[in-house]
Amino acid sequence: MNKATKLLAAVAAGVMAVSIAACGGSSSSSGSSASVNTDKTANDNASCTNTIKKTGVEKVTVWAWYPGIQDVVDDFNENHDDLQVCWNNGGQGGGEYTKFQNAIKAGTGAPDVIQLEYEAMPQFMTGNEQHLVDLSQFGFNDYKDDYTAGSWKSVQLGTDDKVYGVPVDLGPFVMYVREDIFKQYGVDVPTTWDEFAEAGKELKAAGYDGYLTDFPLNSTAMLLAFFAQTGDDVYTYSASDPTKVKVNYNSDGAQKVLKYWKELVDEGLVDTTDANTTDWTTNILGGKYATWVQASWQTGYLAADSDDGDADSGFRIYKAPVWDSSTPDVNQGGSAWAVTDQAKDTEAAYTVARELFSSDSAQKIGVTTGGLFPAWTSMLDSDYFKTEKIAFLGDQEANEITIPVAEGYKGYSFLPFQTYAYDEQDKTLKSIFQDNTDVSTALSALDDTLNNYAKQQGYTVE
Amino acid sequence: MSTATFNASQSAGRNTERRRNRGAEKAKTNKIRGNKHVFTIVVLIVAMLYFLLPVWWLIVAATKTNSGLFFGEHGALWFANKFALWDNIKQLCTYQNGIYWRWILNSFIYALLGGLASTVISVCAGYGFAKFQFRGKKAFFNLVLGALMIPSTALVIPIFLLMSKVGMVNTMWAVLLPTLLNPMGVYLMRIYCQESLPDEMIEAARVDGAGELRTFFKVSLPIMTPAITTVYLLSTVGAWNNFFLPQVVLTNSKLFPITVGLTQWQSQSQAGAASEQVWNLVTSGSFISIIPMVLAFLFLQRYWVGGLTAGSVKS
């Protein structure tokens, strides 16, 4: 090797090293909290999708995609003389988060109050990126008992006494059961996972030509709910120490869950069609699946795609199967109002966030028009909600099942890079179920990938 | 207009000539030709099916109810027993206070106004590049050529950040202003002016005592009309189909063009949660939204072709 080549190699190696180091980045924790503003007129010319009811009053801008939200906003505006809500739909979930990120980059353009799913909140409260306002400074802790324990913990983001959102809805994890199919083939509805697998075999033996259920390979939040049932935390993250994360896909619980489903799929008892696709909708409404373990908000979705959403579909809601008596109640999905650091008048934004859904009238719109499962305890305790008959479920008073689950749910945490984690989890599921990779191998590879990614992003990994 | 007619008759003449030549060869090669024809026709039919099938699907889907889309009795490519097109259109008028028609109106504003303004700029710029000598002309034109190479999607985020700085995000201007930038139009206009507008004509006008403006409006503009129409069509269609930019810069759904609005309904339907499912409105709304473009295509066909070939041949 001559001198010039050596020199070139050294330079190249140096460049590589620098670029790799640059990839590592460093987001040091400044611990700075989101700022509080008091400009009461900045939103006077804001452009709103809804019609403002009272003019000459301070406005608060809100982004949300809840079904029926326009009615809720109108309800708020009619009942408030000092504040008016100016609402826009910033997009559904991911679309809205991208917009919010763009507005953060631009330093302007974010709404005062924003609807965020619990799982999306950490990404806006991490490292130097602290864009949600702590609502405890306005005394929100006094309202703790108005919300279920699990939803409250979800908006605390791992802190002890801070609150970064006002819980709105939840998704109690339950089991949809085609009772008519179980009756027809003389099989008992399972209550444990052992019985569940058994029921699959019995149905098949009795001549049912569908599947026991579907285990969608694009399931993201659903899989986390399954993991949570084992009592293991797959993720650990706290806004009080926002540069530290813990990823634990190697846990016994995660392995147990995936091995269980792998076996059922291999035996041909369970389908693996991607959820919320047209094929899947056709299957589930066409009686191809005897059960479907999912959050209770699925009812509205299924009813809307049926020929007649008010006709008895044969589905009934049961408690989700458990591993044993210690299996906790779990939740899938749900969202909250968060106040952004770009709020023009932070305290007014807090008032709107807290009061938008805090009335019987708004809650009823949410439950009936929106099909939301509320996190607001007075609604959960009301006879109206407890005895609500659901036509699609053959007039079952399904909330008798779902309310205890929502109340029993204790909350769990998500990662500040949840979208990335979901993508990787997706790939892992495909490799286990389509390429037959061993469950432990695949999970530990996923664990490594996410831990490395966390390190690259500048997080301390436990 | 005169140029266009002249071109048309000229090419018609050429066709007759070609046909005559073909007739002479025909006897010799009839057999091979026949086989070739079968092959060509099969390929064309396959290609036609390939391109028309999605359109057919859309037409059929537009007539279905929500559940008809999932459980249509005759599959995805044939009408379901319940013909719901009319119901869907009625629902489009009432759902979310008929915001669908607002979106159509917005699309027309963005497409027609934006297209018009961008054409005016393209015409002026192209004419200037073709007929005037000025400092840095080459550099500026290279800049235009360079801009042709940058996909407009790549500029969306920078545009968003700029618009944020000047407080124009979430206004119609955020969509209209970037539409004005149309390097392809400038390029087409320059080439067209160079080829079809002789310097001598402009010289003659000047000698006769016409000012620059008068020369432009009375002499140059009439000759440029076919190219102007083409550029206007291209930019209008581009603006009508524009999606990513309005998606990023608009939040108020009253300002959405039809592309972004329908996407919002689609993701709302897909969200899985208890959202309202409006698949039937997405399909029938998409169907209605392509009608203006289909009409534009049918009635203004020759200008499109003109656009494709303008500047491709150097005389």
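This one's a predicted model, so the numbers in the text were calculated from it and none came from an experiment. (Residues numbered from 1 in each chain as written. Chains lettered and ligands numbered in written order. Predicted model: local features only at pLDDT ≥ 70, side-chain atom pairs only at ≥ 80, totals over all residues.)

**Notes on the overall build of chain A**
Phase 1: The helix and strand inventory of chain A stands at 17 helices and 15 strands.
Phase 2: Over its C-alpha trace chain A gives a radius of gyration of 24 Å, about what one expects of a compact globule, namely 23 Å for 462 residues. (Helix = DSSP H or I, 4+ residues; strand = E, 2+ residues; numbered from the N terminus. Rg over C-alpha atoms; globule rule 2.2 N^0.38 Å.)

**Quick notes on the overall build of chain B**
Phase 1: The secondary structure content of chain B amounts to 14 helices and zero strands.
Phase 2: Sequence-ordered secondary structure for chain B, helices as α and strands as β, is α-α-α-α-α-α-α-α-α-α-α-α-α-α.
Phase 3: The buried share of chain B, taken over its 315 residues, is 31%.
Phase 4: Across chain B, every contact between residues at least 6 apart in sequence was considered, and the portion connecting residues at least 24 apart equals 72%. (Buried ≥ 20, exposed ≤ 12 C-beta atoms within 10 Å, placed from the backbone. Contact = placed C-beta atoms within 7 Å.)

**Brief notes about the domain arrangement of chain A**
Residues and elements named next belong to chain A.
Phase 1: Per the domain assignment, the segments making up chain A are domain 1 (58-170 + 333-395) and domain 2 (171-331 + 413-461).
Phase 2: Centre-to-centre separation of domain 1 and domain 2, based on C-alpha positions: 27 Å.
Phase 3: Across the boundary between the two partners, domain 1 contributes 24 residues, which contact 31 residues of domain 2.
Phase 4: Elements that contribute at least two residues to the side of domain 1 that touches domain 2 include exactly strand 4 (125-126) and strand 13 (331-339).
Phase 5: Per-class residue counts for the side of domain 1 that touches domain 2 are 12 nonpolar, 10 polar and two charged. (Domains from an automatic or database assignment. Nonpolar A, V, L, I, M, F, W, Y, C, P; charged D, E, K, R; others polar.)

**With respect to helix 10 (residues 298-305) of chain A**
Phase 1: Counting buried positions along helix 10 of chain A gives eight out of eight residues, so the element sits mostly inside the fold.
Phase 2: The secondary structure elements touched by the buried residues of helix 10 of chain A are strand 6 (166-178), helix 9 (278-285) and strand 11 (291-295) of chain A together with helix 2 (66-71) of chain B.

**Structural notes on the UniProt feature "transmembrane region" (unreviewed entry) in chain B**
Residues and elements named next belong to chain B.
Phase 1: Per the UniProt record, "transmembrane region" (unreviewed entry) is found at residues 38-59, 108-128, 140-161, 221-240 and 278-300.
Phase 2: Regarding residues 221-240, the helix share stands at 100% and the strand share at 0%, and the terminal C-alpha atoms are separated by 26 Å.
Phase 3: Measuring from the first to the last C-alpha atom of residues 278-300 gives 34 Å, for a span that is 91% helix and 0% strand. (UniProt positions renumbered as here; feature names shortened; annotations may be inferred.)

**Examining the confidence of the model for chain A**
As a general rule, the predicted coordinates of low-pLDDT regions are not to be interpreted in detail.
Residue and element names in this part refer to chain A.
Phase 1: The share of residues in chain A with pLDDT of 70 or more is 93%, and the mean pLDDT across the chain is 90.
Phase 2: For chain A, the element scoring lowest by mean pLDDT is helix 1 (residues 3-24), at 53; strand 7 (residues 213-214) scores highest, at 97.
Phase 3: When the criterion is pLDDT under 50, residues 20-31 qualifies, and its contacts beyond four places in sequence or with other chains add up to 14 contacts. (pLDDT = per-residue confidence, 0-100.)

**Comments concerning the nonpolar core**
Phase 1: With 136 residues, the main nonpolar core has Met 121, Tyr 164 and Val 339 of chain A as its most contacted residues.
Phase 2: With eight residues, strand 6 of chain A is the largest single contributor of residues to this core.
Phase 3: Taken together, domain 1 (58-170 + 333-395) and domain 2 (171-331 + 413-461) of chain A each give at least three residues to this core, which thus spans both.
Phase 4: Setting aside chain neighbours within four positions, we find Tyr 164 of chain A in contact with Met 121, Met 125, Leu 132, Asp 134, Leu 135, Val 155, Leu 157, Ala 239 and Ala 338 of chain A.
Phase 5: With 32 residues, the next largest nonpolar core counts Leu 69, Tyr 100, Trp 240 and Ile 258 of chain B among its residues. (Core = buried A, V, L, I, M, F, W, Y, C linked by C-beta atoms within 7 Å.)

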